[in-house]
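Structure assessment
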Amino acid sequence: MIILASASPRRKELLKLIFEEFEIIPADIEETVRRSIELEQYPEYLALKKSRHIAEKRPADDVVIGCDTGVFIDDMMLGKPEDESQAAEMLKLLSGRTHKVITGCSVFYKGQNISFSETTEVEFYRLTDTDINEYIATGEPMDKAGAYGIQGKGALLVKRINGDYYNVVGMPVGTLKQKLKMLL
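Residues numbered from 1 in each chain as written. Predicted model: local features only at pLDDT ≥ 70, side-chain atom pairs only at ≥ 80, totals over all residues. Heavy atoms only, no water.

Overview of the nonpolar core
In this structure, Leu15, Ile65, Leu91, Phe124, Tyr148 and Leu176 are the most contacted members of the largest nonpolar core, which totals 43 residues. If near-sequence neighbours (up to four positions away) are discounted, leucine 15 is found in contact with Leu4, Phe22, Ile65, Met171 and Leu176. (Core = buried A, V, L, I, M, F, W, Y, C linked by side-chain atoms within 4.5 Å. Buried < 20%, exposed > 50% of the residue type's maximum accessible area, 1.4 Å probe, protein only. Contact = heavy atoms within 4.5 Å.)

Details of a nonpolar patch on the surface
Residues Leu17, Ile161, Tyr165 and Tyr166 make up a contiguous nonpolar surface patch of about 350 Å² in total accessible area. With respect to the element layout, leucine 17 can be found in the loop between helix 1 (9-15) and strand 2 (23-24). Judged by relative accessible area, leucine 17 falls into the exposed class, the value being 57%. (Patch = residues over 30% accessible without salt bridge, like charges linked within 9 Å, V, L, I, M, F, W, Y side chains within 5 Å. Areas by Shrake-Rupley, 256 points an atom, 1.4 Å probe, with all protein chains shown as cover. Salt bridge = Lys/Arg side-chain N within 4 Å of Asp/Glu carboxyl O. Helix = DSSP H or I, 4+ residues; strand = E, 2+ residues; numbered from the N terminus.)

Re the pattern of salt bridges
Following the criterion strictly, the structure yields 11 salt bridges and no others. When the shortest N-O distance is used, the salt bridge between glutamate 31 and lysine 50 registers 3.7 Å. Placement of glutamate 31 in the loop between strand 2 and helix 2 (42-55) and of lysine 50 in helix 2 is noted, with a sequence separation of 19 residues between them. Accessibility expressed as a relative area gives 45% for glutamate 31, which makes it partly exposed. Among the ionic pairs, glutamate 123 bridges to lysine 159, the shortest N-O distance being 4.0 Å. You can see glutamate 123 sitting in strand 6 (residues 112-124) and its partner lysine 159 sitting in strand 7 (residues 158-162), a full 36 residues away along the chain. The exposure class of glutamate 123 is buried, given its relative accessible area of 17%. Taken together, the salt bridges that share partners define one network made up of Arg10, Asp143 and Lys144.

What about helix 2?
Given a rise of 1.5 Å per residue, 14 residues ought to cover 20 Å, and the 20 Å separating the end C-alpha atoms of helix 2 matches this to within 8%. For helix 2, every residue scored as buried is listed here: Pro43, Glu44, Tyr45, Leu46, Ala47, Leu48, Lys50, Ser51, Ile54 and Ala55. Considering only its buried residues, helix 2 is in contact with strand 1 (2-4), strand 3 (63-73), strand 5 (98-109) and strand 6. (Expected span 1.5 Å × (residues − 1).)

Considering the layout of surface pockets
The gaps of empty space that remain are located by a probe, the size of a water molecule, rolled over the atoms. Approximately 600 Å³ is the volume found for the largest pocket. Arg11, Lys50, Asp68, Thr69 and Lys80 are the residues nearest the centre of the largest pocket, which is lined by 30 residues in total. Listed by contribution, the elements that provide at least two residues to the lining of the largest pocket are helix 1, helix 2, strand 3 and helix 5 (165-169). It is strand 3 that contributes the most residues to the lining of the largest pocket, 4 residues altogether. Of the residues that constitute the lining of the largest pocket, the class distribution is 15 nonpolar, 7 polar and 8 charged. (1 Å grid on protein atoms, 1.4 Å probe; cavity = no way out; pocket = protein on both sides within 12 Å on 5 of 7 lines; lining within 4 Å. Points joined across faces, edges and corners; volume = space filled by probe spheres on them. Nonpolar A, V, L, I, M, F, W, Y, C, P; charged D, E, K, R; others polar.)

Points about the packing of aromatic side chains
The full count for this structure, using the stated rule, is 2 aromatic pairs. Summarising the aromatic geometry, the rings of phenylalanine 124 and tyrosine 148 are spaced 4.8 Å apart at their centres and angled 75 degrees between planes, so their arrangement reads as edge-to-face. Of this pair, phenylalanine 124 sits in strand 6 while tyrosine 148 sits in the loop between helix 4 (129-137) and strand 7, placing them 24 residues apart in sequence. The residues phenylalanine 124 and tyrosine 148 share a single accessibility class, namely buried. Taking 5.2 Å as the distance between ring centres and 75 degrees as the angle between the ring planes, the aromatic pair formed by tyrosine 165 and tyrosine 166 counts as edge-to-face. When its relative accessible area of 31% is taken as the criterion, tyrosine 165 is described as partly exposed. (Phe/Tyr/Trp six-rings, centres within 6.5 Å; stacked < 30°, edge-to-face > 60°.)

Structure, rendered in structure tokens:
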């Protein structure tokens, strides 16, 4: 059985590019990170924590996949905004600048684990207050790291990317497929 340890509808759609059938079992864990972990390693650490949490409760021959995505700028990790005001702050911070999107992935299978991170650079157009307010009014930023979704109207904010588009959406499917070949 293939298990996705995530409730993300975006990850569900992306995993369909690799597997026709799989089960979704969200990892209900506290997403805390030890202080000794470097900031840009947080997504991989959390992906490992999520996949391990589910793998420990499943048969060893299940393949359990966990992912976590973070947006990084100015030595900060931007998570999901708590409200519209915080979404606006995040979008102003990203406006006219390049940031990193890092997705960590972790796979458990038969007692083995492969964990990795994928990094994509994303450059935003310079955004006006009107641009930001119109985007926030769509409701799209509220459940996404960094307050934007590149696969939706957030695409209108993005000038260019350097790296894997699907990584920004939430799962680097090409790299994940290659890692799975090594494990399975």
